[in-house]
Structure formats: structure tokens, C-alpha cells
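Each chain is listed here by its residues.
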There are 2 protein chains.
Amino acid sequence: MSEIQATKITWHEGTVRPEERRALLKQTGATLWFTGLSGSGKSTLAVALEQVLIQRGHAAYVLDGDNIRFGLNAGPKILMDTRGYSETQAKRFGLAFSAEDREENIRRIGEVAKLFADSGLLALTSFISPYRKDRDAARKIHESNKAGAIPFIEIYVSTAIDVCEQRDPKGLYKQARDAVAAGKGMGFTGVDDPYEAPVNPELTIDTGKYSTAEGVAMILEYLASKGLVNA
Amino acid sequence: MSEIQATKITWHEGTVRPEERRALLKQTGATLWFTGLSGSGKSTLAVALEQVLIQRGHAAYVLDGDNIRFGLNAGPKILMDTRGYSETQAKRFGLAFSAEDREENIRRIGEVAKLFADSGLLALTSFISPYRKDRDAARKIHESNKAGAIPFIEIYVSTAIDVCEQRDPKGLYKQARDAVAAGKGMGFTGVDDPYEAPVNPELTIDTGKYSTAEGVAMILEYLASKGLVNA
């Protein structure tokens, strides 16, 4: 049975070529890197864009706190509870919120986004990613990809902090302000930790001025102008 | 301009549903986990299968040493050289070959494969993954996925060690035998570190007995029988 089927199977040396993937998926794999303050509207935009892309026949996937922080970049406690890691092992590999841990968090996300984009998908990442150096490193691994540069599109969600703070959907700004008032730092971006705005982002969207639908339209227009999706 | 485009954009609350992804990609996302000794033919099978799947219109992607060990699971030296990590930071997050590091290596790969499968792709992982516990943990995160269980297909590439050792494409068995003869362990699977064969793999393929084309045909047959790809 298998031997008969097997006669129909052919393949070439080496891995699948990027142009074969593009032909199948009818799109060019790319990473759309959303960056901005907590409450700026990154995830709202990314999730809406993902849906609209899929409705239009494009393969897309959002990487965000929901699917990363409980899995790939879980903290020590989750690694102990769900994986049976020893305390030493969990503290070593689990990610908390120190500067080093945040850097490693963004490094791993950049690497995974690159794998998705290399597979031909549109990877949408939605993380504050406050440090320019870390975002630039993510860009670099895309642009220096061995099999050919992968488009990296930095989308700065530039919503002003007072607008973000009014929304405060998770009550985090209030918590951070209270912590600072009580003389305890929380290392919260925009309050007692810096947000380094992108210098040359591919797109800037202020969700205090534009609706989600408008923001999504701006991104689609950009992608079409670069030939990454159908117009 | 964007405002006019924006009127055509609609989306629903929450993230994309698995059935929407299935409808777009005309397949069910799943992980095909190849396991077996060094030289058993895992990567040859995975790479050939990926090509044949893509020829047939299925989105698939191989995760293997080539795209993982230099990126997501890089060792300390790469993290220092390419990311500017301090030595302490690089030793903490970089993966070497101790038991703990190998466990974390497979853990991260399992998490990334799950993300790929969740996005609707067929994720093909090609790693020795010698420990049953680590493979079972990878299976568990697929089967306990919040948005619904994701198929996890363990493919045991059961080629006998003497066949693998005759092939020895990278000269690793020779190196390991020499190290053991010289009284220095190398922790090499099958030589001085155990390979724990799967107990209930979905498929078993001995590449000493079957050609690559036959092996690929067996896997395609299995996938079609489960409705994961077109027959």
C-alpha cells in the first residue's frame, strides 16, 4: 500500500525554498511588531488585524502575553507547577520582570516571530517592548536571516500616556502610581521605567485619534503597498 | 483615504476561532514530533514530508537544529557574540548539553510547535528528544491547549543503532566511541546516554527498511486517515 503511494512522491535536495512558500500561501511572510505603552491599543489592533487578514485569505497569527507568558516564556512558578522543574532550574529558565529577564523575553519572541515569518505567515507581535535596543535586535535577526531578509514592520502605537492611563483596563497604572507614591518602585513602563519611542517605525498609529477600523485600514494599506498582501 | 477603507473592515470580539483557521488553510493544525537516534533519518523524513505537503497545498514548517540551535535555543557563546549578553546572562539563558539544558531545549521546542499548530500549520519537529518524560510533556501541552486539544503525532524513527552508526553522517558516533574508549563520557544518545523508545507512538518508521518516499507515504496516509490533510 505505502509502496504504491510512494511512487507518486518526489522532492528535491534541501529545505523548502521561500518562493515555494510564497506561491502556496499567496503572501510574503513578515513580522508586524506592535510596540507601545500598556493600554495604547496594541493588542486590540493586532487581534482585529489578524481577523481581517484571515477573512481575506491570509495566514496570520498573533503572539502576545496570552500565548507566550504561560508557555514559552513562563515564569518560575508555572515551570515548577506544570513542568516539575526544580526551584533552581525554574529560577534559571523562568522569566520574571528584571531588566535581564525582559531582554530575554523579547529576544525569544523575536526569534519565534522570525520562525513564523520564515514559514510564510504574517506574525503579529503585541508586547510593550519598551527598549529600542531589544526591538532593533529583533529587526536585525529578521533582516540578516540566512535564507534571505524577512520584512520586519515596526508599528508604533503612539497613544499618549494620559489616554492610556484613562483607559487603564487592568488597573496597572493606578497600581504603579500608588507604588511610586508609597516609595516602592514597580518598574512600570511610562511611570517608573522608560518607554523609548521608535526612531524610524514603518508605521505610527495613535489610537486616541484613530479608530481600530482606521488603524487596521492603515496597516492593510501599508502591507498592500509593499506587495505583502493583496490590495 | 484610510477612513473610506475603514468602513469595509469588520471583526468580532476576541481572537480568531480555530474553525476559521481551518477553513482558511483547509487543514487542521497539528504537531508531528519525530524522535529517534542521531542518523536515524528524522530530518530526511521531515524535510521531504514538508516539501510534499507544500506541493499539495498544505502549510507546513520544520523546526530542527538548523533553525533552533542558532536562534531561540542558542548557546551562551552565540548569545554573547550576537546579542551582547553578559557572561552571567548568557550562561543563565543559553542552552548547553546538561540534562537540565536538554530538558529546557525540548520544553521550548514543544511550546513553539504548539504555537505553530495553533496557528493552523503542520509543525514538524526533528530532534533526538531521547527522554520519554520530555516528549510526554510536549504532548500534554498540545492536548491540554485552552482553545481545544491540538493533535500531537509522535513518529518514532526506529532505525537500529548499528544502521545509524554505519551512516554516521556527522562522525558523531565515532567521536562518542572514542571519547568513551578514552574514559571520557560525551553523553551521546545511544552510546553513553539512554534513548527511551516511545511506548505508544502514533507511527513507527524504520528507515533501514523503508525508503524516504515510503516513509513519507506512510505519514501522509496516517494524516489523511485522521482527516488532517486531504487524501
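This is a predicted model, so every value here is computed, not measured. (Residues numbered from 1 in each chain as written. Chains lettered and ligands numbered in written order. Predicted model: local features only at pLDDT ≥ 70, side-chain atom pairs only at ≥ 80, totals over all residues. Heavy atoms only, no water.)

Draft legend 1. Structural view of the overall build of chain A. A count of helical and extended segments in chain A gives eleven helices and five strands. The dimensions of chain A, computed from C-alpha atoms along their principal axes, are 75 × 50 × 30 Å. By residue count, 56% of the 231 residues in chain A fall in the buried class. In chain A, the share of contacts with a sequence separation of at least 24, taken over all contacts with a separation of at least 6, comes to 71%. Surface exposure of chain A reaches about 10,000 Å², of which carbon and sulfur atoms provide 54%. (Helix = DSSP H or I, 4+ residues; strand = E, 2+ residues; numbered from the N terminus. Buried < 20%, exposed > 50% of the residue type's maximum accessible area, 1.4 Å probe, protein only. Contact = heavy atoms within 4.5 Å. Areas by Shrake-Rupley, 256 points an atom, 1.4 Å probe, with all protein chains shown as cover.)

Draft legend 2. Quick peek at unusual backbone geometry. Residues and elements named next belong to chain A. Its identity as a non-glycine residue notwithstanding, Ser129 has a phi of 40°, on the positive side. Within the fold, Ser129 resides in the loop between strand E3 (122–126) and helix H8 (132–143). Take Ser129: its relative accessible area is 3%, and that puts it in the buried class.

Draft legend 3. Looking closely at the environment of Asp136 of chain B. Residues and elements named next belong to chain B. Looking at where Asp136 falls in the secondary structure, it is placed in helix H8 (residues 132–143). For Asp136, a relative accessible area of 40% gives the class partly exposed. Distance from Asp136 to Thr88, taken between C-alpha atoms, is 31 Å for residues 48 residues apart in sequence.

Draft legend 4. Quick look at the pattern of salt bridges. Scanning all chains against the criterion turns up 40 salt bridges over all chains. Residues joined in a network through salt bridges with shared partners are Arg135, Arg139, Glu143, Glu154 and Glu202 of chain A. (Salt bridge = Lys/Arg side-chain N within 4 Å of Asp/Glu carboxyl O.)

Draft legend 5. Just the sheet that holds strand E4 (residues 152–157) of chain A, in detail. All names here are of chain A. In spatial order, the strands read E2-E3-E1-E4-E5; together these five strands make up an open sheet with parallel pairing. Edge strands, defined here as strands with exactly one partner in the open sheet, are strand E2 (60–64) and strand E5 (203–205). Direction aside, the axes of adjacent strands within the sheet are offset by 20° on average. Sheet topology places E2 next to E3; five bridges connect them, and they run parallel. (Pairing = 2+ DSSP bridges. Axes fitted to C-alpha atoms, helices over the stretch in contact; angles between N-to-C directions.)

Draft legend 6. How the structure looks around the side chain of Gln51 of chain A. Relative to the helices and strands, Gln51 of chain A is located in helix H3 (residues 42–55). What makes Gln51 of chain A buried here is its relative accessible area of 1%. Those residues within four positions of Gln51 of chain A in sequence are excluded, and the remaining contacts are Trp11, His12, Glu13, Gly14, Thr15 and Val16 of chain B.

Draft legend 7. Highlighting the pairing of strand E1 (residues 30–35) of chain A. All names here are of chain A. Counting buried residues along E1, six of its six residues qualify, which places the element largely inside the surrounding structure. Residues Ala30, Leu32 and Phe34 point to one face of E1 and Thr31, Trp33 and Thr35 to the other, with burial holding for every one of them. Here five bridges tie E1 to E3, and the two strands are oriented parallel to one another. For Phe34, the partnering residue across the bridge sits in E3 and is Ser126. By the bridge criterion, five bridges tie E1 to E4 in an arrangement that is parallel. Its bridge partner lying in E4, Thr35 is registered against Tyr156.

Draft legend 8. The arrangement of the UniProt feature "binding site: ATP" (unreviewed entry) in chain A in detail. Residue and element names in this part refer to chain A. Using the residue numbers shown here, the UniProt feature "binding site: ATP" (unreviewed entry) corresponds to Gly36, Leu37, Ser38, Gly39, Ser40, Gly41, Lys42 and Ser43. Along the polypeptide, Leu37 turns up in the loop between E1 and H3. Position of Gly39 relative to the elements: it lies in the loop between E1 and H3. Once residues within four sequence positions are removed from consideration, Gly39 is found in contact with Cys164, Arg167 and Pro169. (UniProt positions renumbered as here; feature names shortened; annotations may be inferred.)

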